[in-house]
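Structural characterization, general
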Amino acid sequence: MTLQSDCCGVYFPNPIVLASGILGTEAGLLVRVARSGAGGVTSKSASPRHRTRHPNPTVLDWGYGLINAVGLANPGVAAEAPILRAAKAELQRLGVPLIASIFAETVAGFAFAAETVGRAAPDLIEVNISCPNVGHELGKPFALEPESAAQVTAAVKKATEIPIIVKLSPNVTDIAEIGAAVEMAGADAIAAINSVAGMLIDIHAGRPILANLEGGISGPAIRPLAVLAVYKLYEAVNVPIIGIGGVSTGADALEMIMAGATLVGVGSAVRSRGLEALGTIATELDALLAELGYTSPDDARGIAHVTS
Ligand code: RRO
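Quick look at the structure, then. A quick note: this is a predicted structure, and the numbers were derived from the prediction, not measured.

1. Details of the site of the ligand
Residues in close proximity to the ligand include K44, N68, A69, V70, G71, L72, N128, C131, P132, N133, N194 and S195, which together make up its full environment. Here an oxygen atom of the ligand sits 2.8 Å away from a polar atom, N or O, in the main chain of G71. In this structure, an oxygen atom belonging to the ligand sits 2.8 Å away from a side-chain N or O atom of N128. Here the residues of the shell around the ligand are counted per class, giving five nonpolar, six polar and one charged.

Right, dumping it as structure tokens:
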């Protein structure tokens, strides 16, 4: 069985890719995940200027997944570009594509970030317009309105020739509407979903656990939300979809593919199953596709769509 997958003309040895954020901005960990069988890796979003994290606690495992408010800690795109260039050289030897994620608080900042990470020649650029934990020019994430989502997409598209993946937020009424808007503005692919806004309260202290008060929920608890988002997007857009949210087994990955995903992002499962999780999930997916009579992930993509 071949698990080979094509996204925007980029060849992935298998569709299981490391989601952004979970392993930070360092090259070494990205390469380690690639060595243990990931089909692709995404770096943590880098912003125009260096950012420090929010005060602790920033991440908590609450039993059904994680809640985080890291606050986009990163060294800034100028420092991140050489780190990514080093990672890319090694990843290229392994045949594993690099997706460089960017974030900015302004539309112009996104264009600057795209130009700067472009120097590392990543295979794709992820445009993170959906971080729930940091401030934005409009006071809310660009992914929450079709107009602002499209504005960022168009600006980044103008700033780089590298294909762009726009990462959407689940914290909206109609994700398909946002997806259609970014596709129209030039997105080459769509990633869905970022973490779901949430809060946990320490009943002994009588106050929210995270220092940032609210954070983003990820892991198994959000998987059905992510599957529905991918399903709706698949009916609304023609560009490839990277399905992200709570995937931790080959069966979970196949569910995303059946909803319409071309690639499947894995984040929180790295915490529960270790750095080898992605390779293991790819192996499980391979066995499951064969068992169910599919000859490739392409065969299974979107089959859950019921036509009346
Ligand atoms: O760094 C974070 O707090 C963070 C980001 Br940029 C994001 O996109 N999603 C998330 O859950 N946390």
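2. Overview of the packing of aromatic side chains
For the structure shown, the criterion picks out three aromatic pairs. Each ring, one from W62 and one from Y64, has its centre 5.3 Å from the other, and the planes form 55°; the classification is tilted. Note on Y64: relative accessible area 56%, which makes it exposed. An aromatic cluster of three or more residues is present, and its members are F103, F110 and F142.

3. Details of the sheet that holds strand β5 (residues 59–61)
Spatially, four strands are ordered β5-β6-β14-β11 in an open sheet, and the strand pairing comes out antiparallel. Each end of this open sheet is capped by a strand with a single partner; those strands are β5 and β11 (196–198). Taken over all neighbouring pairs, the strand axes of this sheet differ in orientation by 30° on average, direction set aside. The pairing of β5 with strand β6 (residues 66–68) spans three bridges and is classified as antiparallel. Following the sheet pairing, D61 is matched in β6 by L66.

What counts, and at which threshold
- One numbering rule holds for all chains: residues counted from 1, following each sequence as written.
- Predicted model: local features are reported for residues with pLDDT of at least 70 only, side-chain atom pairs are reported and counted for 80 or more only, and whole-chain, interface and lining totals are derived from all residues.
- Side-chain descriptors were evaluated using all non-hydrogen atoms of the structure, hydrogens and water having been removed beforehand.
- Only a single heavy atom is needed: when it lies within 4 Å of a molecule or strand, its residue is near that molecule or strand.
- Here a polar contact means two N or O atoms within 3.5 Å. Within protein one must be a hydrogen donor candidate and the other an acceptor candidate, and residues neighboring in sequence count only if both atoms are side-chain atoms.
- Each residue is assigned to one class: nonpolar for Ala, Val, Leu, Ile, Met, Phe, Trp, Tyr, Cys and Pro, charged for Asp, Glu, Lys and Arg, and polar for all the others, Gly among them.
- In this analysis, rings of Phe, Tyr and Trp, with Trp reduced to its six-membered ring, are considered paired at centre separations within 6.5 Å, and the interplanar angle assigns stacked below 30 degrees, edge-to-face beyond 60, and tilted for intermediate values.
- Buried, partly exposed and exposed residues are distinguished by accessible area as a fraction of the type maximum, computed with a 1.4 Å probe on protein chains only: under 20%, between the cut-offs, and over 50%, respectively.
- Following DSSP output, two strands are said to pair if at least two bridges run between them.
- Helix and strand assignments come from DSSP, with helices taken as H or I runs of at least 4 residues and strands as E runs of at least 2, each series counted from the N terminus.
- To get an axis, a line is fitted to the C-alpha atoms, and for a helix only the part in contact is used. The angle between two axes follows their N-to-C directions and goes from 0 to 180 degrees.

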